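Spelled out from the first residue to the last, the chains are:
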Amino acid sequence: MQVDHGNEVAALSTSDDESGEAVKTRKRKRYGSGLGNLGNTCFMNSTLQCLAHTGPLRSYFLSGEYAKDLNRDNPLGTGGELATEFAKLLMEMWGTGARKQDCGPSASLYSSRYTSYRKSSWNSSSPSSSSIVYPRDFKYTLGKHAERFMGYNQHDSQELAMYLLDALHEDTNRVSKKPYIEKPEQQEDETDEEAAAKAWELHLKRDDSKVLENFMGQIKSKVVCPRETCGRVSTTFEPVMYLSVPLPGTTETTIDVTFVSIFPSDRMKKLNVTLSKSADIDDLATKISIIVNQTRQQDDAIDASNILIAEVWNKEVYKFYDKTDEVAKINETDAIFAYEVSSIDSIHAEIESEHDYLSCNDQNTEEDLDGNFRTSLDLETITKLNKSWEDVLASYLSQTSTLPPLLNQKRTTHEDRMSFHKKLENFLNRCYSSQEYKAALLDSNFSEKTGKMSPTSTVVSKLGATAVDDSQTLEELCHSSLLFRNVSKVHDIHILQFCTKKFHQISMDLLIQKKKENQDGAEIQVNFRKPSIVGSTDSACGVPIILRISPKLTVYGLRKILADRLSLVLNVEDKNCTQSDSLATERHDNHMLLSTDNSSIRKGNFLEDCTESMRFMCQLPLTYEHKGYSYTSFRSGSYRKLGSIAVDHTLHAVDRRHTTFAIPNDESENENVLDIVGKQGKVQVHFPTKDSFDDERWEKHECHVMSPEKNKLDGMSVLDCIHKYCEIEQLDESEMWYCDKCREHVAAWKHIHLYRTPPILIVHLKRFHYNAINHRRDKIDLLVQFPLVGLDLRDQVMHWNPGEEPVYDCYAVSNHFGGLGGGHYTAFALNDEGEWCNFDDSRVTKNVDESEVVSSAAYLLFYRRRDVKVDDDVWVDRPMPPSTNIPSAVSSLDSRSTGRMDVVKDGEVSDEEADEYIESDTMLTSTPTSASPINGSVTDDGNEDLELQ
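None of these values were measured; they are calculated from a predicted model.

Enquirer: Just to check I follow, could you spell out the overall build of the chain for this structure?
Expert: In terms of helices and strands, the chain carries 30 helices and 37 strands. Here the chain holds 949 residues, and the buried ones make up 50% of them. At a minimum sequence separation of 6, the contacts of the chain that also span at least 24 residues come to 73%. Looking at the chain as shown, the accessible area adds up to about 45,100 Å², and 47% of this sits on carbon and sulfur atoms.

What follows is the structure, given as structure tokens:
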């Protein structure tokens, strides 16, 4: 007799087995059941649906075959409890639970626990019936043996699937006592087949189960110590239950970089650089050097140490990146530039005579302190001044807060200190001409004790006159000065002079210290500015450049560098902004007549060696700004002059021509740029007209795309992910490998090969990425294409037996939607008729289009090898496994927690009534129905006794 009620088909027949006894057989459901959400258990429902549709596993547990393999004494298992509850859940989901009269009271208790709220709908014309099962007992048993799954927090479906398969394996492990076995390594004289077979045989001595037969594969793992002096290689064959594959390009980042060459003839290049998200700026510079060197001659090859990475915003360098900064800090919208700069070796060659220069300055300073004025103070006074000269000098200043910042190298520059020193000398020179000082010099009996001294030739030469009546008094000098005070007698002049020399010595010491710090050179940025159409201020134009300069580079030397770098974009034919050579030569000749240092004068016309771009550059004003200063100085029109040419805002903006020409022996042109501007300071080049700088040509670039990974993201396939899984990688700090030869943990290189794949292959797409910057896990929602039919791994797998080619068909998918905080899990699975069904907790939808199965939400992919037979839908009916000892309070609490109880009525309904409760594409109704093919009654305790018709 056979009664067909849609999805649930009961085929009761009798046959004689070998013992002559009658054996009952019955078919299961064709679509299974939906699983009710107990509260954040969608991850569990998704995993259970995928495993429930795994043919070999389902047949193993539904047939009761697992019972003879139960290993209740395995300390690594759950005592058989989880395997038993899993079997009960599958029996309820597939409608194969034992009848009350066959199995006694335990079956009634079991059935009521799993169906405390059950719906069923059917349609005779379209068998699409399904019931809802609430897996409370399974959830309780799961939490009992795995504390992390206790309660109702959201978890990962992959984590549950791996734990559940491992627990089912240990509960049904045929090995009762596991021997101790060391993991063998492949020997030099062993082939891969021999080493793999040996490792597999040893593994079966500890683990042997039906779960292992269907889910366990084997990989070849080769680990190499990264140290050249070691060379340790370890090759092992390891069992693996699933493949956790990365998504190519998701553990990496692609950064758009504009490369600026140091060669004037090279245009800027747009590069797409792909590297690990955990990489730093030094790794980025290394990758850029590799890309650039592909198109360069060997003599022009660039080293990563000569590449500086910076962010440009609003035509200025916004940020200099340090070598140790992480690339993850770079946003997609940031304009990143890579500047090629001078090598450190060239900087060293330029300053190789720096030590002689510094020692010379040191010697000169000491000679100055040993001059005539130092001897005018007694030893006791000099000793006190050496200890507290800063406080004494501050007492002679109108504002005592002026001195401390000048002695702080980070707050002021050497130029600031020399400017203050010059003011001190100027005031001292005025004091030398005071009435008190002249009178003291004219008094031959003057001594230090009486406030008088004998004149010396050096002092007299400084006076230039001996008349006392024509000079001011010290009081008048202090009154007229805005900076100095309290200088009232000759003794104060001597103290102030000593403090001045002391200040100069400290300034030179700070300069020497700074130059030693910059012995490898320092970076500055050069910005370009043009006259504005409206107003007198300049506006930024063109991409800035970064230079690594020597501490000995002068302003005039900087002009030479800029003239060479900008030679192709300067409009040297602009007659509105150039001077005649005769005017420049005239200024050079006049400067030679005034100069007394003949060694610094170059013979002949200096313009003879100048290029046209250099002549043009010698007419441009340069200004500077220290690092950290605000941008308001440009808006207010306040510029700090660098060199001999100042910005003239009195001229009209469109016709700003300069009448000054920078010459090499000008004192301001021979100042060291780094002393004035400072490390990472700004230098502005002011062009006289808008046409004198071709910024469009300057910013013209050529594309050089080097990131095919970025273009492949949209077409990423699961084969790409498996290929990425098998690539050589270096282990990070969290996965350090212990090298027994080095005797320490090292970041080894690891290479994985798929040696053999199991009948049921689970592919885990690693969509969750740990962000080291914010210490959070990010979700990767990229679409990964995977075939539903014909996943061919013959090119990736090293070994398979005849008739077991690694060609797979997909039968289930676990999906994850949303983010980590509020995500949701569902599942797709194939039914017996080859139709895809969507299992969304209790809602089950059939006839799902295949295009919906392949989505960006796919998280776990379940594949069945083609030689694996789909389980038969007929098996021997066996008694229900005994129920685990679950407290009745827990069971009743679970029933009350739903707040719902479905009372199944006797009788049948017509097809018309059934149509009211089922949609054309769904297998779940939202309200209870009496259209159940199961007759039952409700007991006093609210439990339901069910039996198949």
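Enquirer: What is the right way to read the confidence of the model for the chain from this model?
Expert: Caution applies to low-pLDDT parts of the model: their predicted coordinates are not meant to be read in detail. The pLDDT averaged across the chain works out to 75; a share of 70% of its residues lies at or above 70. Here residues 98-129 scores under 50 on pLDDT; set against residues more than four positions off or in separate chains, the count is 111 contacts. Below pLDDT 50 for its whole length, residues 354-375 participates in 26 contacts with residues either more than four positions away or in separate chains.

Enquirer: Whenever I open this one, the side chain of D675 confuses me. Can you help?
Expert: Mapped onto the elements of the fold, D675 is located in helix α24 (residues 673-677). On the basis of relative accessible area, D675 is assigned to the buried category, the value being 8%. Among residues more than four places away in sequence, those in contact with D675 are T413, H414, E415, L511, K514 and K515.

Enquirer: Honestly, the packing of aromatic side chains in this entry has me stumped. Any pointers?
Expert: Where two aromatic rings form a pair, the distance of their centres and the angle of their planes describe that pair. Taken as a whole and assessed by the stated rule, the structure comprises 20 aromatic pairs. Members of the aromatic cluster, each reached through a chain of ring pairs, are Y60, F61, Y66, F86 and F138. Sitting over the ring of Y152, K139 keeps its end group 4.9 Å from the ring centre. One Lys or Arg, R756, reaches over the ring of W200 and ends 5.1 Å from the middle of that ring.

Enquirer: What is the right way to look at the side chain of T47 in this model?
Expert: Of note, T47 is situated in helix α1 (residues 42-52). Here T47 is in contact with S157, L160 and A161, once residues within four sequence places are set aside.

Enquirer: Would you explain the sheet that holds strand β22 (residues 729-730) in this entry?
Expert: Two pairing modes exist for strands in a sheet, parallel and antiparallel, and in both the strands are linked by backbone hydrogen bonds. Spatial ordering of the open sheet is given by β8-β7-β25-β22, a layout of 4 strands whose pairing is antiparallel. Edge strands, defined here as strands with exactly one partner in the open sheet, are β8 (233-240) and β22.

Enquirer: Looking at this model, I keep getting lost on the packing of helix α13 (residues 379-395) against helix α19 (residues 490-517). Mind explaining?
Expert: Packed helices, taken two at a time, are described by the angle between their axes plus the distance between the axes. Interaxial distance between α13 and α19 falls to 10 Å at its minimum, and their mutual angle equals 80°. With respect to α19, the axis of α13 lies roughly perpendicular. Taking contact as the criterion, the partners of I382, L385, N386, W389, V392 and L393 in α13 are, on α19, I495, L496, F498, C499, K502, F503 and I506. In the contact of α13 with α19, the residues fall into 11 nonpolar, 1 polar and 1 charged.

The rules behind each value
Residues numbered from 1 in each chain as written. Predicted model: local features only at pLDDT ≥ 70, side-chain atom pairs only at ≥ 80, totals over all residues. Heavy atoms only, no water. Helix = DSSP H or I, 4+ residues; strand = E, 2+ residues; numbered from the N terminus. Buried < 20%, exposed > 50% of the residue type's maximum accessible area, 1.4 Å probe, protein only. Contact = heavy atoms within 4.5 Å. Areas by Shrake-Rupley, 256 points an atom, 1.4 Å probe, with all protein chains shown as cover. pLDDT = per-residue confidence, 0-100. Phe/Tyr/Trp six-rings, centres within 6.5 Å; stacked < 30°, edge-to-face > 60°. Lys NZ or Arg CZ within 6 Å of the ring centre and 35° of its normal. Pairing = 2+ DSSP bridges. Axes fitted to C-alpha atoms, helices over the stretch in contact; angles between N-to-C directions. Parallel < 35°, antiparallel > 145°, perpendicular 65-115°, else oblique. Nonpolar A, V, L, I, M, F, W, Y, C, P; charged D, E, K, R; others polar.

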